[in-house]
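# A look at the structure
For reference, the chains in residue letters:
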Amino acid sequence: MVLQGQKVAPNAALKAGVAQREADRLGAQLMFCNTFHLMLQPGAEVIGEAGGLHAFMGRDPSRPLITDSGGFQVFSLASLNAIKERGVTFQSPRDGSVVELTPERSMAIQEQLGADVAMAFDQCPPYPASYEDVREACGRTHRWLERCVTAHQRPDQALFGIVQGGVFQDLREESARVIASFDLPGCAIGGVSVGEPAAAMHEVVRWCTPLLPEHKPRYLMGVGTLPEMAQAVAHGVDLFDCVLPTRLGRHGAALVNGERWNLKNARFREDHTPLDPSCPCACCQQHSRAYLHHLIKSDEILGLTLLSLHNLTQLIRYTKAMAQAIEQGCFSEHFAPWEPNSPAAHTW
């Protein structure tokens, strides 16, 4: 599979003022939107009445969308929810009202949203968590997947299951086998990048990917750092999502040759060279480091937008370079971030 980038737009909009058309020009293949946030605002009914997310956002129907199930909010809003076998009851972070999300409701909402790929409702345990707690979450994830499959009715929308299991090898392998047994259009590895060490995440990927179908997309959720992506691809992962490019941009940071540069630093104040002379983005082609430093120090939204566009460009260039290396049979030669002094961050 030729792997390229995916951009994250939880509220049906990219962060830092980046327009869809600008990000699309960079070559990202998917946009990721969040069921939980869109359920709260503007509401799935509003989006359904508009004709689905593509029409609501003004997005080209040929450009695919993927929606999360709301399951990640079971983890991220743990202080505001109660988990039961039926589903999860939340206190809305918007107005404090009580909201219930079940596998059936998640499917109904995602069908109204009309994304091309829908994710199954799952329980993502925190890190660290006990073996018993993770085992319980795994079992519930598998039972909820069965309910999602029964409830899902749109033949034009692919449903992906999600592997859980924390950092426990036997639970991960069992979950991978269960998820694969449903024979869905794709499988995701969830519950990573939630605080565990990077080495533990790599182990999870190594345990899971051999048990997931090779001929279907294998999706590592929430991961977007370059070395972690390269190592995951080496073990068979095809697809990623991550908020990192725009999150860094919103905080005045840029990705340059695999490093993170803080443009607030005084060393950039009189540096009139491009941020990255090799980068084709508008930020690097038209503006200097000094100008970007000035924008960030002046709290100008333009600075955050330019850095976000640059970071998205860097991420997508990296994924395109990995795809090309796979096609040319030289991936291991150029992308081996687990080796000392790897040139991986400097070959694209």
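Residues numbered from 1 in each chain as written. Predicted model: local features only at pLDDT ≥ 70, side-chain atom pairs only at ≥ 80, totals over all residues. Heavy atoms only, no water.

In the case of a regular strand, side chains alternate between the two sheet surfaces. Going residue by residue along strand S12 (residues 253-256), you find Ala253 and Leu255 tucked away on one face and Ala254 and Val256 tucked away on the opposite face as well. Where S12 folds back on strand S13 (residues 259-262), the antiparallel hairpin that results is connected by two residues, among which Asn257 adopts a positive phi of roughly 50°. (Buried < 20%, exposed > 50% of the residue type's maximum accessible area, 1.4 Å probe, protein only. Helix = DSSP H or I, 4+ residues; strand = E, 2+ residues; numbered from the N terminus. Pairing = 2+ DSSP bridges.)

This part covers the side chain of Arg59. Here Arg59 shows up in the loop between helix H4 (53-57) and strand S3 (65-68). With relative accessibility at 4%, the residue Arg59 sits in the buried group. Here Gln20 takes part through its side chain, which lies 3.5 Å from a polar atom of the side chain of Arg59. Separated by 3.3 Å, the side chain of Arg59 and the backbone oxygen of Arg63 make a polar contact. (Polar contact = N/O pair within 3.5 Å; in protein donor to acceptor, adjacent residues only side chain to side chain.)

Further remarks concern unusual backbone geometry. With an omega of 10°, the peptide bond running from Gln41 to Pro42 counts as cis. Relative to the elements of secondary structure, Pro42 occurs in the loop between helix H2 (35-40) and helix H3 (44-50). With an omega of -5°, the peptide bond between Tyr127 and Pro128 qualifies as cis. Here Pro128 lies in the loop between strand S7 (117-119) and helix H7 (131-151).

This part covers the nonpolar core. Cys33, Leu53, Phe90, Leu220, Phe240, Met322 and Phe335 are the most contacted members of the largest nonpolar core, which totals 66 residues. One finds Ala254, Trp261, Cys284 and Leu307 within the second-largest nonpolar core, a separate group that totals 15 residues. (Core = buried A, V, L, I, M, F, W, Y, C linked by side-chain atoms within 4.5 Å.)

All right, on to the sheet that holds strand S5 (residues 88-91) then. Taking strand neighbours across the sheet as the criterion, the three strands line up as S4-S5-S6 in an open arrangement whose pairing is antiparallel. With partners counted over all chains shown, the strands left at the sheet margins are strand S4 (81-83) and strand S6 (98-101), one partner each. Across the sheet, the mean angle separating the axes of adjacent strands is 20° when strand polarity is ignored. Of the strand pairs in this sheet, S4 and S5 are connected by three bridges, and their pairing is antiparallel. If you follow Ala82 over to S5, its bridge partner there is Thr89. (Axes fitted to C-alpha atoms, helices over the stretch in contact; angles between N-to-C directions.)

On to the confidence of the model for the chain. Summary statistics for the chain give a mean pLDDT of 91 and a share of 94% for residues scoring 70 or more. Across residues 343-348, confidence stays below pLDDT 50; counting only partners more than four residues off in sequence or on other chains, it has 16 contacts. (pLDDT = per-residue confidence, 0-100. Contact = heavy atoms within 4.5 Å.)

The N-to-C vectors of helix H10 (residues 226-234) and helix H14 (residues 301-328) enclose an angle of 25°; their axes lie 11 Å apart at closest approach. The angle between H10 and H14 places the two elements in the roughly parallel class. Judged by the sense of rotation from one axis to the other, the crossing of H10 with H14 is right-handed. Between H10, through Leu226, Pro227, Met229, Ala230 and Val233, and H14, the contact on the second element is made entirely by Leu315, Tyr318, Thr319, Met322 and Ile326. By residue class, the composition of the contact of H10 with H14 is nine nonpolar, one polar and no charged. (Parallel < 35°, antiparallel > 145°, perpendicular 65-115°, else oblique. Left-handed = near helix turned anticlockwise from the far one by under 90°. Nonpolar A, V, L, I, M, F, W, Y, C, P; charged D, E, K, R; others polar.)

For the rest of this paragraph, the subject is the packing of aromatic side chains. Counted according to the given criterion, the structure contains seven aromatic pairs. Judged by centre distance (4.8 Å) and plane angle (50°), the ring pair of Phe36 and Phe90 falls under tilted. Placement of Phe36 in helix H2 and of Phe90 in strand S5 is noted, with a sequence separation of 54 residues between them. Neither Phe36 nor Phe90 differs from the other in exposure class; each is buried. (Phe/Tyr/Trp six-rings, centres within 6.5 Å; stacked < 30°, edge-to-face > 60°.)

Here we come to the pattern of salt bridges. Considering all chains together, one arrives at 13 salt bridges under this definition. With a shortest N-O distance of 2.8 Å, Arg25 and Glu22 are connected by a salt bridge. On the criterion of helical spacing, the pair formed by Arg25 and Glu22 is a turn pair, its members being three residues apart in helix H1 (residues 20-25). For Lys216, the salt bridge goes to Asp183, with nearest N and O atoms at 2.4 Å. Of this pair, Lys216 sits in the loop between helix H9 (198-208) and strand S10 (218-220) while Asp183 sits in the loop between helix H8 (169-181) and strand S9 (186-189), and the two are 33 residues apart along the sequence. Here Lys216 falls in the buried class, since its relative accessible area comes to 12%. A cluster of three or more residues bridged by salt bridges with shared partners is formed by Glu85, Glu136, Arg140 and Arg143. (Salt bridge = Lys/Arg side-chain N within 4 Å of Asp/Glu carboxyl O.)

In an α-helix, one turn spans 3.6 residues; hence positions three or four apart end up facing the same way. Look at H8: 18 Å from first C-alpha to last across 13 residues, which is about the 18 Å you get at 1.5 Å a residue. In the core, the buried residues of H8 are packed alongside H7, strand S8 (158-163), S9 and H9. Positive backbone phi, approximately 55°, marks Asp183, located one or two places after H8. (Expected span 1.5 Å × (residues − 1).)

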